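Below, each chain spelled out in residue letters.
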Amino acid sequence: MSETRMPDIMKTEPALRRAAMRALWLGKRLGTPVVVFRDGKIVDAAKTDPEPTEEQMRFVPQRKS
C-alpha cells in the first residue's frame, strides 16, 4: 500500500467511533433503535448504553439543519 494513503487509513477508526457516537445520541433522542452486535448477541444500544456525555459529543461534528 502506498505510504501516502496511510494518513487516511489512520483517520478511519476515529471517524467510525464518531459516527457510532452520533448514531447512539440520535437513537436516544429520537427513540429509535440502534442495533449492534455485542458479545454474540444483537442488542439495542439505545436501550442498554448510557447517553453520550457532552464531553464525548464535543468531538462529534453537529449537522446544521
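Residues numbered from 1 in each chain as written. Predicted model: local features only at pLDDT ≥ 70, side-chain atom pairs only at ≥ 80, totals over all residues. Heavy atoms only, no water.

Here's the deal with the pattern of salt bridges
Taken as a whole and assessed by the stated rule, the structure comprises 3 salt bridges. For R17, the salt bridge goes to E13, with nearest N and O atoms at 2.8 Å. Note that R17 and E13 are positioned in helix 2 (residues 12–30) at a spacing of 4 residues, about one turn of the helix. Accessibility expressed as a relative area gives 47% for E13, which makes it partly exposed. (Salt bridge = Lys/Arg side-chain N within 4 Å of Asp/Glu carboxyl O. Helix = DSSP H or I, 4+ residues; strand = E, 2+ residues; numbered from the N terminus. Buried < 20%, exposed > 50% of the residue type's maximum accessible area, 1.4 Å probe, protein only.)

Focus on a nonpolar patch on the surface
Nonpolar side chains collect at one region of the surface, where M6, I9 and M10 lie side by side and expose about 290 Å² of accessible area between them. With respect to the helices and strands, I9 occurs in helix 1 (residues 6–10). Taking relative accessible area as the criterion, I9 reaches 36% and is therefore assigned partly exposed. (Patch = residues over 30% accessible without salt bridge, like charges linked within 9 Å, V, L, I, M, F, W, Y side chains within 5 Å. Areas by Shrake-Rupley, 256 points an atom, 1.4 Å probe, with all protein chains shown as cover.)

Quick word on the pairing of strand 2 (residues 41–44)
Regular strands place their side chains on alternate faces of the sheet. Looking at chain direction, strand 1 (residues 35–38) and strand 2 are connected through 4 bridges and run antiparallel. Pairing of V35 across the sheet is with D44, part of strand 2. What sits between strand 1 and strand 2 in their antiparallel hairpin is a turn of 2 residues, with D39 showing a positive phi close to 55°. (Pairing = 2+ DSSP bridges.)

A few points about the side chain of D44
Summarising the element assignment, D44 is placed in strand 2. Although D44 is buried, it forms no salt bridge, and the closest oppositely charged side chain is K47 at an N-O distance of 4.4 Å. Reaching out from D44, the side chain makes a polar contact with the backbone nitrogen of V34 at a distance of 2.9 Å. Apart from residues no more than four positions distant in its own chain, D44 is found in contact with P33 and V34. (Lys, Arg positive; Asp, Glu negative; His and termini not counted. Polar contact = N/O pair within 3.5 Å; in protein donor to acceptor, adjacent residues only side chain to side chain. Contact = heavy atoms within 4.5 Å.)

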